[in-house]
Amino acid sequence: MLLSHHHLAIEEMRYTRRGQEPVPRQRRLCRFCESAIETPEHALLSCNANAVVVEERGVIMRTLCAEIPDLGDLIRQ
């Protein structure tokens with residue numbers, strides 16, 4: 001994700017492919033919620049439309065907060 005090597009709509013729909021024009025940024029919507037642009041930040045931190053992703057995010061956040069006690073306070077700021 002750091003190098004934009006992922007299959008999220010923000011990148012996948014950016015380039016011309018098989019004769020199709022690039023999709024404008026504001027139309028590169030999340031495949032789950034279809035209400036926000038599908039960026040890494042949206043997919044990893046804020047999309048709540050897929051129960052599996054939400055559960056995995058919770059597991060990761062709980063693990064990180066257990067390892068880094070001040071992390072929860074930093075996230076809430």
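The structure reproduced in this document is the subject of the present report. (Residues numbered from 1 in each chain as written. Predicted model: local features only at pLDDT ≥ 70, side-chain atom pairs only at ≥ 80, totals over all residues. Heavy atoms only, no water.)

Comments concerning the overall build of the chain
Part 1 of the argument: For the chain, the helix and strand inventory stands at 4 helices and 0 strands.
Part 2 of the argument: Starting at the N terminus and walking to the C terminus, you meet the elements of the chain as α-α-α-α.
Part 3 of the argument: Computed over the C-alpha atoms, the radius of gyration of the chain is 15 Å, more than 25% above the 11 Å expected from 2.2 N^0.38 for a compact globule of 77 residues.
Part 4 of the argument: When its C-alpha atoms are laid out on the principal axes, the chain stretches across 50 × 25 × 20 Å.
Part 5 of the argument: With an accessible surface of roughly 6200 Å², the chain has 56% of that area assigned to carbon and sulfur atoms.
Part 6 of the argument: Each charge sign in the chain was given a centre, from 10 positive and 11 negative side chains, and these centres are 8 Å apart. (Helix = DSSP H or I, 4+ residues; strand = E, 2+ residues; numbered from the N terminus. Rg over C-alpha atoms; globule rule 2.2 N^0.38 Å. Areas by Shrake-Rupley, 256 points an atom, 1.4 Å probe, with all protein chains shown as cover. Lys, Arg positive; Asp, Glu negative; His and termini not counted. Charge placed at Lys NZ, Arg CZ, Asp CG, Glu CD.)

As for the pattern of salt bridges
For side chains of opposite charge, pairing can occur when their charged atoms come near one another.
Part 1 of the argument: Per the counting criterion, the structure on display carries 2 salt bridges.
Part 2 of the argument: In this structure, Arg31 engages Glu38 in a salt bridge whose closest nitrogen and oxygen atoms are separated by 2.8 Å.
Part 3 of the argument: For Arg31, a relative accessible area of 48% corresponds to the partly exposed category.
Part 4 of the argument: Taking the relative accessible area as the measure of exposure, Glu38 reaches 3% and is therefore buried.
Part 5 of the argument: Note that Glu55 is salt-bridged to Arg62, the shortest N-O span being 3.7 Å. (Salt bridge = Lys/Arg side-chain N within 4 Å of Asp/Glu carboxyl O. Buried < 20%, exposed > 50% of the residue type's maximum accessible area, 1.4 Å probe, protein only.)

Here's the deal with a nonpolar patch on the surface
Part 1 of the argument: Residues Ile60, Leu64 and Ile68 make up a contiguous nonpolar surface patch of about 250 Å² in total accessible area.
Part 2 of the argument: Its place among the elements puts Ile60 in helix H3 (residues 51-67).
Part 3 of the argument: What makes Ile60 partly exposed here is its relative accessible area of 47%. (Patch = residues over 30% accessible without salt bridge, like charges linked within 9 Å, V, L, I, M, F, W, Y side chains within 5 Å.)

In short, shape yes, function no, at least from these values alone.
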